[in-house]
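Listed below, chain by chain, are the residues.
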Amino acid sequence: MSIKEFIATIPYNRISLRDLFAFEKSPVNILIALMTLSFLVMFALGVAIYLEHGHHAYGVSRQHPWGLLIAVYIFFVVSSTGLCIVGSLGDVFGFKDYMAVSKRAIFGSIVTIISGFAVIAFEIGHPVTMVIYNVLSPGLTSAIWWMGTLYGIYLTFMVVEFVFLLRNDMRMARYVGFFGLMFGLLAHSNLGGVFGFLNARPIANGVFYPTYFILTAFITGIFITFIILGFRYKLNFTEEIKKLLTGLAKIQALLISILIFFVSWKMLTDIYDGLPGRADVALHILGSWTFWIEVVLVMIVPMVVILRNMGENLKAIFWISLSGMIGIFFMRYNLVHDAQLKPLQMLKIKEYQLAPEWIHYFPSAAEIMISLGGLGLCILLYFIGSKLFNLDADAHH
Amino acid sequence: MARYAMALDYKNCIDCKACEVACKEENGILLGADKQRIWVGHGEIKGEYPFLDITSNTFMPSQCQQCETAPCESVCPTHATYYDENGVVRVDSEKCILCSYCMVACPYDARYVDDRTHIVDKCNFCSDTRLVRGETTTACQATCPTKVRIFGDLDDPESEISQVLRVREYFTLKPHLGTNPKLFYLT
Ligand code: SF4
Ligand code: SF4
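Residues numbered from 1 in each chain as written. Chains lettered and ligands numbered in written order. Predicted model: local features only at pLDDT ≥ 70, side-chain atom pairs only at ≥ 80, totals over all residues. Heavy atoms only, no water.

### What about helix H5 (residues 99-120) of chain A?
Thinking step 1. For H5(A), built from 22 residues, the straight-helix expectation of 32 Å at 1.5 Å per residue is met to within 8% by its first-to-last C-alpha distance of 32 Å.
Thinking step 2. The buried fraction of H5(A) is high, at 20 of 22 residues. (Helix = DSSP H or I, 4+ residues; strand = E, 2+ residues; numbered from the N terminus. Expected span 1.5 Å × (residues − 1). Buried < 20%, exposed > 50% of the residue type's maximum accessible area, 1.4 Å probe, protein only.)

### Topic: the site of ligand 2
Thinking step 1. Surrounding ligand 2, one finds 13 residues, the nearest of these being B:Cys76, B:Thr81, B:Cys96, B:Cys99 and B:Cys102.
Thinking step 2. For the shell around ligand 2, the class distribution of residues is nine nonpolar, three polar and one charged. (Near = heavy atom within 4 Å. Nonpolar A, V, L, I, M, F, W, Y, C, P; charged D, E, K, R; others polar.)

### A look at the interface of chain B and chain A
Thinking step 1. Chain B puts 45 residues into the contact, and the matching count from chain A is 40 residues.
Thinking step 2. For the chain B and chain A pair, buried surface summed over both sides reaches about 3500 Å², with 60% attributable to carbon and sulfur atoms.
Thinking step 3. Its largest share of buried area at the contact with chain A, chain B owes to B:Tyr101, B:Val104 and B:Asp109, together 20% of the area lost on that side.
Thinking step 4. Counting every contact that joins chain B to chain A gives one salt bridge.
Thinking step 5. Two residues, B:Asp109 and A:Arg62, come together in a salt bridge whose shortest N-O distance is 3.7 Å.
Thinking step 6. Where chain B meets chain A, there are 21 residue pairs in polar contact (both at pLDDT 80 or more).
Thinking step 7. Elements with a contribution of two residues or more to the side of chain B that touches chain A: strand S2 (38-42), strand S3 (59-63), helix H2 (71-75) and helix H3 (101-105) of chain B.
Thinking step 8. The element contributing the most residues to the side of chain B that touches chain A is H3(B), with four residues.
Thinking step 9. When grouped by side-chain class, the residues that make up the side of chain B that touches chain A number 24 nonpolar, eleven polar and ten charged. (Contact = heavy atoms within 4.5 Å. Buried area = accessible area lost by both parts, 1.4 Å probe. Salt bridge = Lys/Arg side-chain N within 4 Å of Asp/Glu carboxyl O. Polar contact = N/O pair within 3.5 Å; in protein donor to acceptor, adjacent residues only side chain to side chain.)

### Things to note about empty space enclosed by the protein
All names here are of chain A.
Thinking step 1. All chains considered together, the criterion is met by eight cavities of 30 Å³ or more.
Thinking step 2. Put simply, the largest cavity is a space of about 190 Å³.
Thinking step 3. Looking at the largest cavity, it is lined by 15 residues, and the ones nearest its centre are Tyr-209, Tyr-212, Lys-266, Met-267 and Asp-338.
Thinking step 4. If you list the elements that add at least two residues to the lining of the largest cavity, you get helix H9 (208-232), helix H10 (239-271), helix H12 (289-308) and helix H13 (314-339).
Thinking step 5. A class-by-class count of the residues in the lining of the largest cavity yields ten nonpolar, one polar and four charged. (1 Å grid on protein atoms, 1.4 Å probe; cavity = no way out; pocket = protein on both sides within 12 Å on 5 of 7 lines; lining within 4 Å. Points joined across faces, edges and corners; volume = space filled by probe spheres on them.)

### Thoughts on the environment of B:Asp15
Residues and elements named next belong to chain B.
Thinking step 1. Here Asp-15 shows up in the loop between strand S1 (4-8) and helix H1 (18-27).
Thinking step 2. Between the alpha carbons of Asp-15 and Lys-174 there is a distance of 23 Å; along the sequence they are 159 residues apart.
Thinking step 3. Not counting residues up to four positions away in its chain, the partners in contact with Asp-15 are Val-40, His-42 and Phe-59.

### Some words on the site of ligand 1
Thinking step 1. Neighbouring ligand 1 are 13 residues; B:Cys64, B:Gln65, B:Cys67, B:Cys72 and B:Cys106 lie closest to it.
Thinking step 2. Counted by class, the shell around ligand 1 contains nine nonpolar, two polar and two charged residues.

### A short note on the pairing of S1(B)
All names here are of chain B.
Thinking step 1. Counting buried positions along S1 gives five out of five residues, so the element sits mostly inside the fold.
Thinking step 2. Strand direction decides the pairing type here: S1 and strand S8 (residues 149-153), joined by five bridges, are antiparallel. What sits directly across from Met-6, in S8, is Phe-151.
Thinking step 3. Across three bridges, S1 lies against strand S10 (residues 183-186) in parallel orientation. (Pairing = 2+ DSSP bridges.)

### Regarding the sheet that holds strand S9 (residues 170-171) of chain B
Residues and elements named next belong to chain B.
Thinking step 1. The strand order across the open sheet built from four strands is S8-S1-S10-S9, with neighbouring strands paired in mixed fashion. Here the strands that pair on one side only, and so sit at the sheet edges, are S8 and S9.
Thinking step 2. Strand direction decides the pairing type here: S9 and S10, joined by two bridges, are antiparallel. Of the residues in S10, the one forming a bridge with Tyr-170 is Leu-186.

### A closer look at unusual backbone geometry
All names here are of chain B.
Thinking step 1. With an omega of 5°, the peptide bond between Tyr-49 and Pro-50 qualifies as cis.
Thinking step 2. Mapped onto the elements of the fold, Pro-50 is located in the loop between S2 and S3.
Thinking step 3. Non-glycine residue Leu-98 carries a positive phi angle of around 60°.
Thinking step 4. Tracing the backbone shows Leu-98 in the loop between strand S5 (89-91) and H3.

This is the structure we're talking about:
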């Protein structure tokens, strides 16, 4: 079978532009539609400002070269890896209960990573050069090289897996899905390595981020699964979905308790005995409100809500998943910002700058617009996909 | 083939900043403190008046340390940052994708974005300006009125820098990071 014939066998719904606007005009739907539209307009605006002024349009500086867009990129690729893990539960590992969400989660992992790429394209100064020299002159010691290359391979596998899922070829979907998952996990831990390899930054250096990224990806994947299924079923879940979500909620409680354990020990080892460049930074982080948003929205609230009924109160978990994603955003933002908090010159053995100060950063309007634009793009792609493809599990599952 | 390095007799520095100006002039660096390849830092004066510690108020010229194991080189995804045949860490403007990873990874805050070329740049010991013309000094060294800077080849035992490093004590910055800097501060 030629590729052309193969593509012709992919089932999809013929839709027109009119079908895209034929959604139920409830206030919530209209609000989401307007939000998405305005985010997309902002995307265009932000990109226009960036094309005009380059990195000067951003709040980044010599001492804080990575800003909001890096955080948002991480946010999207974490989401993608997370959805890939959730999707693989049924489809690769054969847990029957989770089969019903596989197709939707795998599709979600594709749209989130595309949105991430769309955002990072306006942070990397020369994306075209990157594509060329990534191949011609690969920097094999660079975690960014590995992360980018592995994510490229991962995306390919995810698309192929999705096609097999659409064609209901579960055997092939499982094989391809397995490799997709492996490449996703490798790529994602390499993203942790981008920070973990920074010997110059004791707060980020070490094994913590590569492992923590995988854990938080799984957590993020479950949050998003609650959100997309909540919208899909308008919170009136069928018995099958109820079983699936309750199972995921219990896994979530386990993952969050591991996360609390991880983060507590990271903080304790950071602070213990006051190692300069690490202890002072950790104390500074503990004093920042953005860290506490992360703690409350990702750890405390979900833990309390899930444990109250052992994952049976699905509506409540839907809502805390929404707020959880806000927490996850702050988690990414904090990670990027915290790694750069400490001025490096202060770390020199002979100091030659005035009293230590923290490096300030606040995202510019262009950065915020492009970031929201990424979210808009993600919602739009997901919406189009949900019209174009049958994302529900087929009846015989 | 050489192994270029620089020794700094930093206690002679009088903070005239002639080197900063000479570097900008020679290498056509844009104005502004966040665009500098080299700079002179000030120690903070310690103590309370009148018991001020005058030894704390030192001037410390600094710049890219020309690490022998350079973090900026290992993190670069496209080999835009490379060691040239003289051991100088340089940037190939063709290949730089402006990902800024080197800026985050350099322990010495030695890199900056050059708004003319739109790449991340750094000190390269005047390799593409003076050395390529056959000169044997860097601009900062040639201009320094108190002869703080000694630039030369570590592989040549007769070079001034090799001789100085044999007889004077020195330290390097953040040696615990294993970057093996080739900037030596003479004490
Ligand atoms: S000082 Fe920084 S820029 Fe210079 S070689 Fe070392 S790591 Fe690279
Ligand atoms: S900014 Fe340029 S020189 Fe620096 S790591 Fe990226 S590609 Fe390499």
